[in-house]
Amino acid sequence: MNSHIYHLVTVNDGKSDNAAIVNVFSEMTSGRLKSDFRLLNYCDEVPVSYGATITTVEKDSVELAVHEHQALVIKQDNSTLIKSKHFHNELGVHCYAAYVNVNKKTAILHNFAYAQIRAERREAVRVAVHGLLPVKFSYENVNIEGKMLDISGLGISFISELLPATNTDQTGLLNFTLDGNSMVVPGSFVRAIKHGNNGHICIFQMSPDRKSDTIIGHYIYQRQVEIIQRLKEGLVPE
């Protein structure tokens, strides 16, 4: 999972935070706290989130019985996020997988740390596109071309060597094609993130009209169906 999904938060120190989180699981096991937690991963930007059952709690690790879809993505990511109202200030938790067995639907988690889950602040479902589709942002006499990374009903990001010559909300038009439908959608530049030695990830807000919104919504739905089907088949990409 990437930093745009979450970022770590230190409450006291790493060792104390880890112990406090493990203690919450111990309290759940004893019945003193309600077992309300859910695991959360993202597969091609689509959230995969199920509840789990605590099997055992050791000094620094927790063994869980998990949903097979969750096990598949945890095995791919080697980590997961955890949500519970019992964590400090209702923060999320990030942890690593010491062991995952998809067939046995078992995961042993360790190295716990508090985290803010940024992805949950999104106003719309986002999916990674298939095949890095061409996209162009045009404003005044400037064209910035790139390959699309992901899209939602409200935004789009793509990799480009060029950047808009402004850090403000530069407005323009986004040109791209989804499922054979060519679209020109008003958009505004939000920010850019350095990507490798020569490129940037450019992030834009969009204001699609009803027709474009329908096409984008259909594409997002189809990608979600594909991703869930791949999970069911155990074909999570490397």
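Residues numbered from 1 in each chain as written. Predicted model: local features only at pLDDT ≥ 70, side-chain atom pairs only at ≥ 80, totals over all residues. Heavy atoms only, no water.

Details of the overall build of the chain
Okay, step 1: Of the regular secondary structure elements, the chain holds three helices and 15 strands.
Okay, step 2: Counting only C-alpha atoms and orienting by the principal axes, one finds that the chain spans roughly 65 × 40 × 35 Å.
Okay, step 3: Per-residue burial over the chain gives 44% buried out of 238 residues.
Okay, step 4: A total of about 12,900 Å² of accessible surface is found on the chain, and carbon and sulfur atoms cover 47% of it.
Okay, step 5: Mean positive and mean negative side-chain charge positions of the chain (23 and 25 charges, respectively) differ by 2 Å. (Helix = DSSP H or I, 4+ residues; strand = E, 2+ residues; numbered from the N terminus. Buried < 20%, exposed > 50% of the residue type's maximum accessible area, 1.4 Å probe, protein only. Areas by Shrake-Rupley, 256 points an atom, 1.4 Å probe, with all protein chains shown as cover. Lys, Arg positive; Asp, Glu negative; His and termini not counted. Charge placed at Lys NZ, Arg CZ, Asp CG, Glu CD.)

Some words on the nonpolar core
Okay, step 1: Core analysis: the largest hydrophobic core is formed by 57 residues, its most contacted members being Phe-25, Ile-82, Phe-112, Ile-151 and Phe-176.
Okay, step 2: Sort the elements by how many residues they give to this core and helix α3 (residues 210-232) lands first, with six residues.
Okay, step 3: Once you skip the residues sitting within four places of it in the chain, Ile-151 turns out to touch Val-125, Arg-126, Val-127, Val-129, Ile-156, Phe-176, Leu-178, Met-206, Ile-216, Tyr-219 and Ile-220.
Okay, step 4: In terms of nonpolar packing, the next biggest core, distinct from the first, is built from seven residues, Ile-5, Leu-40, Leu-81 and Ile-117 among them. (Core = buried A, V, L, I, M, F, W, Y, C linked by side-chain atoms within 4.5 Å. Contact = heavy atoms within 4.5 Å.)

Description of helix α1 (residues 14-30)
Within an α-helix, residues lying three or four positions from one another point in the same direction, as the helix has 3.6 residues per turn.
Okay, step 1: In this model, α1 (17 residues) spans 25 Å end to end at C-alpha, consistent with the 24 Å of a helix rising 1.5 Å per residue.
Okay, step 2: By the burial criterion, the buried members of α1 are Asp-17, Asn-18, Ile-21, Val-22, Val-24, Phe-25, Glu-27 and Met-28.
Okay, step 3: Buried-residue contacts for α1 involve β1 (6-9), β4 (53-57), β5 (61-65), β6 (79-83), β7 (92-101) and β8 (106-117).
Okay, step 4: Downstream of α1 by a residue or two, Gly-31 has a phi angle that is positive, lying close to 90 degrees. (Expected span 1.5 Å × (residues − 1).)

Digging into the pattern of salt bridges
Okay, step 1: Under the defined criterion, the tally for this structure stands at five salt bridges.
Okay, step 2: For the salt bridge of Arg-32 with Glu-27, the shortest nitrogen-to-oxygen distance reads 2.9 Å.
Okay, step 3: Residues Arg-223 and Glu-226 are paired through a salt bridge, measuring 2.8 Å at the closest nitrogen-oxygen approach. Placement of the pair is Arg-223 and Glu-226 together in helix α3, with a separation of three residues, close to one helical turn.
Okay, step 4: The buried category is assigned to Arg-223, whose relative accessible area is 4%. (Salt bridge = Lys/Arg side-chain N within 4 Å of Asp/Glu carboxyl O.)

Focus: the packing of aromatic side chains
Okay, step 1: Applying the stated criterion across every chain, the model contains seven aromatic pairs.
Okay, step 2: Between Phe-25 and Phe-112, the ring centres sit 5.9 Å apart and the planes meet at 40 degrees, which makes this aromatic pair tilted. Linking Phe-25 in helix α1 with Phe-112 in strand β8, this pair joins segments that are 87 residues apart in sequence.
Okay, step 3: In textbook terms, an aromatic cluster arises when at least three aromatic residues are bridged by ring pairs, as seen for Phe-137, Tyr-139, Phe-158, Phe-189 and Phe-204. (Phe/Tyr/Trp six-rings, centres within 6.5 Å; stacked < 30°, edge-to-face > 60°.)

Section: the pairing of β4
Okay, step 1: Where β4 meets β5, four bridges bridge the pair, whose relative direction is antiparallel. Residue Ile-54 lies in a different strand from β5, and its bridge partner there is Leu-64.
Okay, step 2: Turn length for the β4-β5 hairpin, with the two strands adjacent in sequence and antiparallel, is three residues. (Pairing = 2+ DSSP bridges.)

Some points on the confidence of the model for the chain
The predicted structure's coordinates, where accompanied by low pLDDT, should not be read in detail.
Okay, step 1: Taken as a whole, the chain shows an average pLDDT of 89; of its residues, 93% reach a score of 70 or greater.
Okay, step 2: Predicted confidence in the chain is weakest over strand β9 (residues 127-128), with a mean pLDDT of 86, and strongest over β5, with 98. (pLDDT = per-residue confidence, 0-100.)

Quick word on the state of the cysteines
Okay, step 1: By the definition in use, this model includes zero disulfides.
Okay, step 2: With no disulfide of its own, Cys-43 lies closest to Cys-95 among cysteine sulfurs, the gap being 18 Å.
Okay, step 3: Judged by relative accessible area, which is 2%, Cys-43 ranks as buried. (Disulfide = S-S within 2.5 Å.)

Brief notes about helix α2 (residues 68-77)
Okay, step 1: Counting buried positions along α2 gives seven out of ten residues, so the element sits mostly inside the fold.
Okay, step 2: The complete set of buried residues in α2 reads His-69, Gln-70, Ala-71, Leu-72, Val-73, Ile-74 and Asp-77.
Okay, step 3: Next to the buried residues of α2 lie β2 (38-43), β3 (46-51), β6, β7 and α3.
Okay, step 4: Following α2 by one or two positions, Asn-78 adopts a phi angle in the positive range, close to 60 degrees.

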